Amino acid sequence: MKTAVYPGSFDPVTNGHIDIIERSAQIFDKVYVAILQNSSKHPLFSVTERKELLQRVTKHISNVEVVSFSGLLVDFVQEKNASVIVKGLRAVSDFEYEFQMALTNRQLSQNIETMFMMTSAQYQYLSSSIVKEIASFHANLDGLVPKEIQADIYKKIDLRR
């Protein structure tokens with residue numbers, strides 16, 4: 001069985017993330033969508049909330065499991081008996097950092113490959129930061145995030161004010 005891990009913050013999950021998840025699920029037998037617990041960041045949503053949102057919007061994909069982790073990504077990948085890290089790329093600017101991380105992960109574990117997946121053209125500009133900025137003005141999130149989580153985003157933004 002070919003297993004992959006798609007790591008990220010997913011704060012919040014966007015249609016660009018869903019695009020990568022759905023396409024990865026067509027390639028691999030099992031895909032772990034792995035939410036990084038990073039104590040140095042100040043996310044909008046807690047890890048538990050992000051996990052619930054991701055589960056809600058990926059429930060139609062039978063071979064996807066949403067999990068969280070802390071520590072080194074390669075350790076988590078090995079723990080899940082996965083052999084591939086999936087990374088979505090929006091632009092050349094993403095590539096430089098992700099390439100460096102892929103080389104570092106390869107140095108830490110020779111058995112783990114990184115697969116770069118280009119985002120679909122309609123999501124090239126999209127990021128969680130942009131979604132949060134747009135939501136802070138209560139502007140329309142259609143096409144940016146799944147409809148079923150839009151109210152959650154607006155509500156969380158309002159609670160932060």
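Below you will find a few notes about this structure. (Residues numbered from 1 in each chain as written. Predicted model: local features only at pLDDT ≥ 70, side-chain atom pairs only at ≥ 80, totals over all residues. Heavy atoms only, no water.)

### Points about unusual backbone geometry
Part 1 of the reasoning: The residue after Asp-11, namely Pro-12, is reached through a cis peptide bond having omega 0°.
Part 2 of the reasoning: Relative to the helices and strands, Pro-12 is located in the loop between strand E1 (3–8) and helix H1 (15–27).
Part 3 of the reasoning: Even without glycine at this site, His-138 takes up a positive phi of about 55°.
Part 4 of the reasoning: With respect to the helices and strands, the residue His-138 is situated in the loop between helix H5 (128–136) and helix H6 (147–160). (Helix = DSSP H or I, 4+ residues; strand = E, 2+ residues; numbered from the N terminus.)

### With respect to the layout of surface pockets
Part 1 of the reasoning: Within this model, the largest pocket holds a volume of roughly 1100 Å³.
Part 2 of the reasoning: In this structure, the largest pocket is lined by 38 residues; those nearest its centre are Pro-7, Gly-8, Ser-9, Lys-87 and Glu-98.
Part 3 of the reasoning: When residues of the lining of the largest pocket are traced back to their parent elements, those giving at least two are E1, H1, strand E4 (84–89), helix H4 (92–108) and H5.
Part 4 of the reasoning: With seven residues, H4 is the largest single contributor of residues to the lining of the largest pocket.
Part 5 of the reasoning: Among the residues forming the lining of the largest pocket, the class breakdown is 15 nonpolar, 15 polar and eight charged. (1 Å grid on protein atoms, 1.4 Å probe; cavity = no way out; pocket = protein on both sides within 12 Å on 5 of 7 lines; lining within 4 Å. Points joined across faces, edges and corners; volume = space filled by probe spheres on them. Nonpolar A, V, L, I, M, F, W, Y, C, P; charged D, E, K, R; others polar.)

### Things to note about the nonpolar core
Part 1 of the reasoning: Ranked by internal contacts, the top residues of the largest apolar core, which has 35 residues, are Ile-21, Val-33, Leu-54, Leu-141 and Ile-153.
Part 2 of the reasoning: Listed by contribution, the elements that provide at least two residues to this core are E1, H1, strand E2 (30–36), helix H2 (47–58), strand E3 (64–69), E4, H5 and H6.
Part 3 of the reasoning: Beyond its immediate stretch of four places on either side in the chain, Leu-141 contacts Val-131, Ile-134, Ala-135, Gln-150, Ile-153 and Tyr-154. (Core = buried A, V, L, I, M, F, W, Y, C linked by side-chain atoms within 4.5 Å. Buried < 20%, exposed > 50% of the residue type's maximum accessible area, 1.4 Å probe, protein only. Contact = heavy atoms within 4.5 Å.)

### Details of the side chain of Ser-120
Part 1 of the reasoning: Looking at where Ser-120 falls in the secondary structure, it is placed in the loop between strand E5 (113–118) and H5.
Part 2 of the reasoning: Given the relative accessible area of 19%, Ser-120 is considered buried.
Part 3 of the reasoning: Polar side-chain contacts of Ser-120 include one of 2.9 Å to the side chain of Asp-19.
Part 4 of the reasoning: If sequence neighbours within four positions are ignored, Ser-120 has contacts with Asp-19 and Arg-23. (Polar contact = N/O pair within 3.5 Å; in protein donor to acceptor, adjacent residues only side chain to side chain.)

### A closer look at the pattern of salt bridges
Part 1 of the reasoning: For the structure shown, the criterion picks out 10 salt bridges.
Part 2 of the reasoning: For Arg-56, the salt bridge goes to Glu-52, with nearest N and O atoms at 2.8 Å. With Arg-56 and Glu-52 both in helix H2 and four residues apart, this pair spans about one turn of that helix.
Part 3 of the reasoning: Classification of Glu-52 by relative accessible area gives partly exposed; the value is 36%.
Part 4 of the reasoning: The partner of Arg-106 in a salt bridge is Glu-113, with the nearest N and O atoms 3.2 Å apart. (Salt bridge = Lys/Arg side-chain N within 4 Å of Asp/Glu carboxyl O.)

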